[in-house]
Amino acid sequence: MMNIGAPESWKGSLTSGRQNWKHACRDEDNDDHETYHYQNEDGVAASSPSDEKIVTCRGNLIVPVGEAKALRHVLDDLEDHFGHQRDDPNVRFNLNELRHDQNDSLCGDLSFDYLIDGEVCSLDYIGIDVCIDLTPKRIIHTDNDYGGNAFEDYGKSWAYVYVPELTMDKIKSYVKAGTGWDASDEGTVYDANRNLVAIETQMQQGPRPEPSFWEASNPSKVGEDVQFSRIGSVQHVGSQPSHQGTHRGVAFFTVSLEASGSSQDRMASLTFTLISVRTWECTNLIAPIVHSPRK
């Protein structure tokens, strides 16, 4: 049975850090692995995560400290993410306060509650098994135009990530259970022949932190034996011809929801913004979208 949302037995303080995580991303260039240093409120090293008051992650303070615990659980240990033939993630979706944008649409960010060693930790992102497509995209102007002009912003401000239809359906069910909103298909392309969904994920660009791209140094290993090294931002990696393919891995996203200000049917679109991706290898099993993307 699908375990949607957190059980009533979840107890503990909720911690959140969308802005803190973006700052933590800045220092990923210098290290192969995430590192966390725990301090108490007087700046003295704590003996265990449960004793900490302040956490330093790559030179950046993350407060409150449950953030670092959740970062390790989701990002390093690759726990509780959505994927094919994986257990249902033990995570609860929440919708932060809705606001009106300039077009009078309703907008809000999602947060995600994880139960880790009896403590509820709230993060602003989720992990999903994906194939990220770094193949350049071109526009077809006519039926006989097989070359086309390249999309200059593809791989810079947005990219396709491919997920099985069942995975996307599961994410939508978690959205419904946690927020009461139904997720529409806007921002996705469905491939009925392969039962795949292509998500048009957004990406930040400099000077804001760009999403990081990590590559497995031992892709044949599984579980705790897998080691990843950061080789640059997604934008940098995608500009290298040797990496312009479809990469299999786990991607991490922030998610926001948008609905018409007059919406009465509780239907909303989801926007996925890529934060980081851990990849195993390029795959030839998924043919990328080459011409006429929806952008």
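See the structure printed just above.
Residues numbered from 1 in each chain as written. Predicted model: local features only at pLDDT ≥ 70, side-chain atom pairs only at ≥ 80, totals over all residues. Heavy atoms only, no water.

Draft legend 1. A look at helix 2 (residues 66-76). The element helix 2 is largely enclosed, with a buried count of eight among its eleven residues. Of the positions making up helix 2, those classed as buried are Gly66, Glu67, Ala68, Ala70, Leu71, His73, Val74 and Leu75. At the exit of helix 2 stands leucine 78, carrying a positive phi of roughly 55 degrees. (Buried < 20%, exposed > 50% of the residue type's maximum accessible area, 1.4 Å probe, protein only. Helix = DSSP H or I, 4+ residues; strand = E, 2+ residues; numbered from the N terminus.)

Draft legend 2. Geometry of the pairing of strand 7 (residues 119-123). In terms of residue burial, strand 7 counts as a mostly covered element, since four of its five residues are buried. Relative to strand 7, strand 6 (residues 106-116) runs antiparallel, the two sharing five bridges. Within strand 7, the residue paired with aspartate 113 across the bridge is serine 122. As consecutive antiparallel partners, strand 6 and strand 7 are separated by two residues, and within that stretch aspartate 117 has a phi angle of approximately 50 degrees, a positive value. (Pairing = 2+ DSSP bridges.)

Draft legend 3. Focus on helix 3 (residues 165-179). In this model helix 3 runs 21 Å from its N-terminal to its C-terminal C-alpha over 15 residues, within 8% of the 21 Å that 1.5 Å per residue would give. Within the span of helix 3, buried status applies to Thr167, Met168, Lys170, Ile171, Lys172, Tyr174, Val175 and Thr179. (Expected span 1.5 Å × (residues − 1).)

Draft legend 4. Molecular detail of unusual backbone geometry. Omega for the bond connecting glycine 206 with proline 207 falls within 30 degrees of zero, at 10 degrees, which places this linkage in the cis form. Secondary-structure assignment places proline 207 in the loop between strand 14 (196-203) and strand 15 (212-216). Even without glycine at this site, leucine 78 takes up a positive phi of about 55 degrees. Among the secondary structure elements, leucine 78 is positioned in the loop between helix 2 and strand 4 (91-95). We classify leucine 78 as buried; its relative accessible area is 17%. Phi at asparagine 195 takes a positive value of approximately 55 degrees, unusual for a residue other than glycine.

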